[in-house]
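# Tertiary structure, described
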Amino acid sequence: MKALPLSQPAEAEARAACLATLAVSALIEEARLSPKPGLVDSRGPGAHQDLSLALMERSARSLRPTFYRLALHCWRRPADIALRQEIGRLGRLGEQHMMSATGGVNTHRGAIWALGLLVSACAMLGGRGPAADIAARAALLAVLPDTAQPKSFSKGQRATRRYQVPGAREEAIDGFPHVTRRALPQLRRSRLAGAEEPHARLDALMAIMTTLTDTCVLNRGGMAALTAMHQGAAAVLAAGGTGHPAGRAALAALERRMLADNASPGGAADLLAATFFLDWVSA
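Below is a short write-up of the structure. Not measured: the values here are computed from a predicted model. In this convention, every chain numbers its residues from 1, walking through the sequence in written order. Local features in this predicted model are restricted to residues of pLDDT 70 or higher, and side-chain atom pairs are both shown and tallied only at a pLDDT of 80 or more, whereas totals for entire chains, interfaces and linings draw on every residue. Based on all heavy atoms of the structure, the side-chain values leave hydrogens and waters out of the count.

Cysteine sulfur atoms are paired as a disulfide whenever they fall within 2.5 Å. Following the criterion strictly, the structure yields 0 disulfides and no others. Of the cysteine sulfurs around Cys18, a residue in no disulfide, the closest is that of Cys122, at 8.7 Å. The class of Cys18 is partly exposed, set by a relative accessible area of 41%. A 1.4 Å probe rolled over the protein chains alone gives each residue an accessible area, and that area as a share of the maximum for its type sets the label: buried under 20%, exposed over 50%, partly exposed in between.

So, about unusual backbone geometry. The peptide bond linking Ser34 to Pro35 adopts the cis configuration, its omega dihedral lying at -5 degrees. Secondary structure follows DSSP: runs of H or I at least 4 residues long count as helices, runs of E at least 2 residues long count as strands, and numbering of each begins at the N terminus. Relative to the elements of secondary structure, Pro35 occurs in the loop between α1 (9–32) and α2 (53–62). Despite not being glycine, Arg76 has its phi angle at roughly 55 degrees, a positive value. Assessed through its relative accessible area of 29%, Arg76 is described here as partly exposed. Even without being glycine, Gln164 reaches a positive phi, approximately 55 degrees. Along the polypeptide, Gln164 turns up in the loop between α7 (155–163) and α8 (168–173). In this structure Gln164 comes out as exposed when scored by relative accessible area, which is 66%.

Set out below in structure tokens:
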């Protein structure tokens, strides 16, 4: 990618605002996409009792200032511990703002981690770049220590320890492989095959769900639910994807199983939003 000229403050502010808008749009587009098995969408709350589409959209919009501050602070800066510490601080402030907006309901904690890193990484590169380059820069940030991070374990971290599987942190350190190697290629393959955009996006979600060790599913349904998710998502793609009748039938079967398990692939949803973001900024 050709290097951009040294930016002026006005350019940094404009690009930061653009990145923040794209990150919020990615979260809203993910929430509205239907039908998603076990997840909140335009039809209803999925496997959740405390979530709704309106709440998810309100949560997403509340995070715009956080994404803007992250992008502005990271503008064309190299990855170092000082930058990582400030990213962590801004992310935690954003989480508090989100919880205030939702009345204490955790709607996008995982998305703040994934999209926060990717927004920061994109800003470090000047606001645009190939998806693989942005993900690789995010990985450089993710591996750095954040000494101010709370010592208590989240539900996701407890699941990774209990089941000895990789989680959100490992996904980021590895450069978001479920986004760059699975979801984005599938999204673009489905588009090239003539799928309508909602079907291409659902296919991208299935590509994530075929292999992701989604700690949200593990917490709710255990390893049996996770295995069922992997097999069900693979069956959708094997049947031609959600743009084909057989693929839609397989998707409906997957949804029935996930609802029966009370399982919701929130980790996959976060990575789908990250996929939309990288698709847009790398276009």
